[in-house]
Every structure is written in structure tokens, then in C-alpha cells.
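Residues per chain, in single letters:
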Amino acid sequence: MNLEEYFARTGYKGSLEKQDLETLTDIFQHHIRAVPFENLSIHCGEKITLELEHVYNKIVQRKRGGWCMENNQLLGWVLKRLGYDVSFLGAHVFNPHQNTYATIMTHLLVKVVIDDKAYIVDGGFGVSYQMWQPMELVSGKDQPQAPGVFRFMEKNAIWYLEKMRRKQYIPNQSFSNSDLLEKKECRKVYMFSLEPRTVEDFSFQCTYLQTSPDSLFTKKSICTLQTTNGFRALIGWTLTEATYNYKENMDLVEFITLEDEEVEKILKEKFNITLDRKLVPINIKGPYTI
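Residues numbered from 1 in each chain as written. Predicted model: local features only at pLDDT ≥ 70, side-chain atom pairs only at ≥ 80, totals over all residues. Heavy atoms only, no water.

Details of the pattern of salt bridges
Right, on to step 1. Evaluation of the coordinates by the stated rule reveals 14 salt bridges.
Right, on to step 2. Residue aspartate 276 pairs with arginine 62 through a salt bridge whose shortest N-O separation is 3.3 Å. Within this pair, whereas aspartate 276 is found in the segment after α7 (260–271), its partner arginine 62 is found in the loop between α3 (52–61) and α4 (68–81), the two being separated by 214 residues in sequence.
Right, on to step 3. Owing to a relative accessible area of 59%, aspartate 276 belongs among the exposed residues under this scheme.
Right, on to step 4. Classification of arginine 62 as partly exposed rests on a relative accessible area of 28%.
Right, on to step 5. Each of Glu38, Glu46, Arg62, Arg64 and Asp276 takes part in one network of salt bridges that share partners. (Salt bridge = Lys/Arg side-chain N within 4 Å of Asp/Glu carboxyl O. Helix = DSSP H or I, 4+ residues; strand = E, 2+ residues; numbered from the N terminus. Buried < 20%, exposed > 50% of the residue type's maximum accessible area, 1.4 Å probe, protein only.)

Here is the structure:
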């Protein structure tokens, strides 16, 4: 494993000398625009494991993506190698259908400290809830970014991430009531404490999420990638392309339904993913919005 190969994968050609916020942001943005958030292994007969060398091989050498435990683990390794003060945290994801946070800690986060300021770096959430810049860990402060306005709220040593979205224009009106569309303008995303975690703390969750019939990830095949002006997502057979702020306070969200024979081609053209095994797309109704 080496940093040069990782940066060739993400296309980052900037400075590696400074451990500052500007460099961190640049490295992070190259990652989220090159490495998809995806769970396709579950739906093409592969097992997801959390050993760092396996994650590196999958994302860097096989040019695949991964979910939070893979993306953020790899990001954490890169940032540590560069000399950043890095630790892992664990979050409970909000379920909008049940209007509550998950009881199981399933989301791996990266915390980075620069000049005594803490930042959350999360390269593993995808779609419109994917931050584009490290977020300062401060309560009650609006942090506007291209995807919308993010905000942390802290109560009794528990931190909550919220996101305020813009209005949405959907040209294909047959999708205007899609369960993939978020109806609320302010959306809870996840909650977490500042207790340091290790990758090993997620071993049960990694198995559960890819095997349980109750898991969102067994119900939906998901591949999403950030672009320079929005994001792309393939959920089952539904391809979404979003453009942020294409008009004032308005995001453009375009939907297309693919045929089976188009899926492999779209994965290659839109996400730069070529799978070793045959994908079986799936999209069972569940608590997932873009």
C-alpha cells in the first residue's frame, strides 16, 4: 500500500507537505469525486471485509467504491500517513420512516484535529447528505456547502448532524412522488459521541448490514458518486443525476429508469466501475432518500 497509488486513483496532485485545512479539503474532495459510495459487492456475490489491505485493494487497485467503513477507513489511513491527527468515531444513522436513530452504531466517521480545532471528515454517506468539506465540530453553527447547509447540534455530549436542502425541480414528473425523494427541508442525518472507536468495533455491523434481511443494504443496490456540481446515484434500476443550485435555491434532480442490459454500461460510464461478477440490481422499498 502506498500513497502515490492512492493519489493516482483520486487524481490529487496538490501539496503533501502541509497538514492544514486547505490541503485536507482538497484531498477529501478528490476522494469523494473519484471513489463511489456503493454496496454492489452484496448484490454480486462478494463479501465485504474490513481488513485495510483488502479495502485498499478494492478501492485503489480494483477501482471500486465502498461504504462508510471502507471509504472512511481508507481516508483515515491516508491522513494519518500524511501526519494529520486522526481518530475514528461511530454514529447512529437516522431512519426517516421510523423517525428515530438506529439502535446499532453502523456509521464510521473520521475526526481530524488541526491547530486545536476538531473537524468531522465523512467520505462515506453519499447522495445529497455527503458533505463536500470537513465540518468544524461546533454546535449550532450553520455550515453552508454546495450540497446545502449542514449543522451540528450537541446535547448531553451527543452530537447530531442535520442538513437543510434547497427546493427541488424534477423534470420527469412520474418521479415527483418517488420514495427516493426527501420531502422535509431539514433532515436529521446521524448522531454520534466523541468516544474514540476502532475499525474492529464495526465487525459485527459489517456482517449484519450485508446479510440481514432487515438491512437497508440487502434491500437496495446502491452506487453514488459526487460530481463537480452535484451527484449521481444508481439505486436498483433508477439513475439519478442532481445539479446543485442550478437556479437560485433550486436543485435539478433528473431520474431515468434503466433496463437490465443498461446497468453495466451506466456503471462504467457514470461511475467508472467494472464489476468482476454479475450484478443483480434490487430496490425494495425502504428508509432511503437521496
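Now that the structure has been shown, we can carry on.
A look at α4
Right, on to step 1. Between its first and last C-alpha atoms α4 spans 19 Å; for 14 residues at 1.5 Å apiece the expected length is 20 Å, and the two agree.
Right, on to step 2. The buried fraction of α4 amounts to 12 of the 14 residues, a majority that puts the element mostly inside the structure.
Right, on to step 3. When we look at burial in α4, the residues that qualify are Cys68, Met69, Glu70, Asn71, Asn72, Gln73, Leu74, Leu75, Gly76, Trp77, Val78 and Leu79.
Right, on to step 4. Glycine 83 sits one or two residues past α4 and shows a positive phi near 105°. (Expected span 1.5 Å × (residues − 1).)

Observations regarding the nonpolar core
Right, on to step 1. Trp67, Met69, Val112, Ile120, Tyr190 and Phe192 are the most contacted members of the largest nonpolar core, which has 75 residues in total.
Right, on to step 2. No other element matches α4, which puts 7 residues into this core.
Right, on to step 3. One finds Leu225, Leu239, Ile266 and Leu275 within the second-largest nonpolar core, a separate group that totals 13 residues. (Core = buried A, V, L, I, M, F, W, Y, C linked by side-chain atoms within 4.5 Å.)

Examining unusual backbone geometry
Right, on to step 1. Here the phi dihedral of aspartate 116 falls at roughly 70°; this positive angle occurs in a residue that is not glycine.
Right, on to step 2. Within the fold, aspartate 116 resides in the loop between β4 (107–114) and β5 (117–121).
Right, on to step 3. Residue class for aspartate 116 comes out exposed when judged on its relative accessible area of 78%.
Right, on to step 4. Look at asparagine 245: it is not a glycine, yet its phi comes out positive at around 55°.
Right, on to step 5. With respect to the helices and strands, the residue asparagine 245 is situated in strand β14 (residues 238–247).
Right, on to step 6. Exposure remark for asparagine 245: the relative accessible area of 40% places this residue in the partly exposed category.

Limitation: the analysis is restricted to geometry and does not speak to function.
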